[in-house]
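Notes for the structure review
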Amino acid sequence: MYDYDLLVVGSANADLVIGVERRPGAGETVLGSDLAVHPGGKGANQAVAAARLGARTALLARVGDDAYGRLLLDSQRSAGVDTVGVLVGGAPTGIALITVDPSGDNSIVVSPGANGRLAPEDVSAAGSLFHASRVVSAQLEIPLETVVEVVRNLAPESRFVLNPSPPRPLPQEVLAACDPLIVNEHEAKVILGSAAVGDSPEDWARILLAKGPRSVVVTLGAEGALVASAQGVSRVPSVKVDVVDTTGAGDAFTAALAFRLGTGESLAEAAAYAARVGAVAVTREGAQASFPTATEVAAL
């Protein structure tokens, strides 16, 4: 019935990374390492992560008609993602300028570029993609009104997964469609706002559920994750690994969870699998380059 296990609607960035001994102060120039350019963006990351796991994946995004846009398209196609929904033009490709110091701390400036031009009418025009997709995943590196239009275009039997990053208050229409809403501690507190009471993730999950999502997942880093629905709240343990780089691990988790939900797994089962995918990803450097295959996850 479905051509795609997962349709990802979201951002595609080129990450421009320079290592520095220290970040410059106002008016100061410092020398850095050679420039490294990597494909990134939460939408593009999720699509690659899902495709590596064997999901039939499509991406709906917008890139510029430039070298960075071609880099991102090549990365998607190499991973096996269907790029029929990737629009080209309207603005330069989104860019993230990243400086990283010896401790691993980074500073990032993002130019949304074409991501900010992914419009509601682009979503409406891609109706055939939505009807062909078992699960649809989105994030908030594209305009919120575009995410609202995603919700309005969902096929009757499809499932909607949202990672609200970067976080902002969400309209009721979007919250009510989430199954699940996937948040980390920071994102949970932003969405809860004045309703942020209690110190435990279980408290946050229950209050978030009361706001309308059909289910909620709270990611807890090294402590694993927590899943919540009308059936109750439970913890999903982490997998102990030697962490090398956490970049993109959240995107890998979300993609894996969305994919496995579409295969019929329960929320707890899908989250447990996603935790293993995230565990493999953090043992390697980079974002998309760190995402594992299903075979590598099974070997963990």
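Counting restarts for each chain, with residues numbered from 1 along the sequence as it is written. For this predicted model, a pLDDT threshold of at least 70 governs which residues receive local features, and a threshold of 80 or more governs which side-chain atom pairs are given and counted, while totals over whole chains, interfaces and linings are taken from all residues. As a rule here, side-chain values come from all non-hydrogen atoms in the structure, and water together with hydrogens is ignored.

Moving on, we come to the overall build of the protein. Scanning the protein for helices and strands turns up 11 helices and 13 strands. It is over C-alpha atoms that the radius of gyration is taken, and the globule rule equals 2.2 Å times the number of residues to the power 0.38. Its C-alpha atoms give the protein a radius of gyration of 18 Å, within 12% of the compact-globule value 19 Å for 300 residues. Considered along the principal axes of its C-alpha atoms, the protein spans approximately 55 × 45 × 45 Å. Out of the 300 residues in the protein, the part that is buried amounts to 53%. Labels follow the DSSP assignment, with helices taken as runs of H or I lasting at least four residues and strands as runs of E lasting at least two, numbered in each case from the N terminus. Partly exposed describes any residue whose relative accessible area lies between the buried limit of under 20% and the exposed limit of over 50%, with all areas from a 1.4 Å probe on protein chains only and scaled to the type maximum.

Bringing helix 7 (residues 185-192) into the picture now. Of all the positions in helix 7, only Glu187, Ala188, Ile191 and Leu192 are classed as buried. One face of helix 7 carries all of its buried residues, which in axial projection span an arc of 130°. Throughout, a residue-residue contact means that at least one pair of heavy atoms, one from each residue, lies within 4.5 Å. Those residues of helix 7 that are buried lie in contact with strand 10 (178-183) and helix 8 (201-210). What qualifies as a polar contact is a pair of N or O atoms within 3.5 Å, subject to a donor-acceptor requirement within protein and to the restriction that residues adjacent in sequence count only when both atoms come from side chains. The N-cap residue of helix 7 is Asn184: its side-chain oxygen and the backbone nitrogen of His186 are 3.2 Å apart. Note that the arc is defined by the directions from the helix axis to the C-beta atoms.

Definition used for salt bridges: Asp or Glu carboxyl oxygen within 4 Å of a side-chain nitrogen of Lys or Arg. A complete count under the given rule lists 12 salt bridges for this structure. The partner of Arg235 in a salt bridge is Glu202, with the nearest N and O atoms 2.8 Å apart. One end of the pair, Arg235, is in strand 13 (residues 232-236); the other, Glu202, is in helix 8, and 33 residues separate them in sequence. Judged by its relative accessible area of 41%, Arg235 is partly exposed. A residue is classified by how much of its surface remains accessible, and Glu202, at 18% relative accessible area, is buried.

With that out of the way, let us pick up the pairing of strand 4 (residues 57-63). Counted residue by residue, strand 4 has 7 buried out of 7 residues, so it is predominantly covered. Neither face of strand 4 is open: one carries Thr57, Leu59, Ala61 and Val63, the other Ala58, Leu60 and Arg62, and all of them are buried. Where strand 1 (residues 4-9) and strand 4 come together, 4 bridges link them in parallel fashion. Residue Val9 lies in a different strand from strand 4, and its bridge partner there is Leu60. Whether two strands pair depends on DSSP finding at least two bridges between them. Bridging between strand 4 and strand 5 (residues 82-88) involves 5 bridges; their strand directions are parallel. Looking at the pairing, Leu60 lines up with Gly85 of strand 5.

Attention shifts here to helix 8. When helix 8 is considered as a whole, its buried residues turn out to be Pro201, Glu202, Trp204, Ala205, Ile207 and Leu208. Buried residues along helix 8 sit in contact with strand 10, helix 7, strand 11 (215-219), strand 12 (225-229) and strand 13. A positive phi of about 130° marks Gly212, the residue just after helix 8.

In this section: the environment of Ala294. Locating Ala294 in the fold gives a position in helix 11 (residues 294-298). Classification of Ala294 as partly exposed rests on a relative accessible area of 32%. Ala294 sits 240 residues away from Gly54 along the chain, and the two C-alpha atoms are 6.9 Å apart. If we ignore the near neighbours within four places in the chain, the residues touching Ala294 are Arg52, Leu53 and Tyr273.

What follows deals with the nonpolar core. If you look at the biggest cluster of nonpolar residues, it comprises 44 residues, and the most contacted ones within it are Leu53, Leu59, Val217, Phe253, Leu257 and Val277. Taken together, the elements giving at least two residues each to this core come down to strand 1, helix 1 (42-52), strand 4, helix 2 (67-79), strand 12, helix 9 (249-262) and helix 10 (267-281). What Val217 contacts, discounting residues up to four positions off in sequence, is Pro180, Leu181, Ile182, Val183, Ala225, Leu226, Val227, Phe253, Leu257 and Leu267. One finds Ala132, Ala177, Val183 and Leu220 within the second-largest nonpolar core, a separate group that totals 41 residues. Buried Ala, Val, Leu, Ile, Met, Phe, Trp, Tyr and Cys residues that are joined via side-chain atoms within 4.5 Å together make up what is termed a nonpolar core.

A few words on the side chain of Gln288. Inspection of the secondary structure puts Gln288 in the loop between helix 10 and helix 11. Within the structure, Gln288 has its side chain in polar contact with the side chain of Asn45 (distance 3.1 Å). The contact partners of Gln288, leaving out residues within four places of it in the chain, are Pro39, Gly40, Ala44, Asn45, Val48, Arg52, Ser75 and Gln76.

Moving on to empty space enclosed by the protein. Using only the protein atoms, space was sampled on a 1 Å grid; points where a 1.4 Å probe fits but cannot get out form cavities, open sets with protein on both sides within 12 Å along at least five of seven lines form pockets, and lining residues are those with an atom within 4 Å of a point. Grid points are joined across faces, edges and corners, and a volume is the space filled by probe spheres set on the points. This model, assessed by the stated rule, comprises 1 cavity of 30 Å³ or more. In this structure, the largest cavity spans a volume of roughly 40 Å³. Breaking the lining of the largest cavity down by element, the ones donating at least two residues are strand 4 and helix 2. Per-class residue counts for the lining of the largest cavity are 7 nonpolar, 1 polar and no charged. Under the scheme applied here, ten amino acids are nonpolar (Ala, Val, Leu, Ile, Met, Phe, Trp, Tyr, Cys and Pro), four are charged (Asp, Glu, Lys and Arg), and all others, including Gly, are polar.

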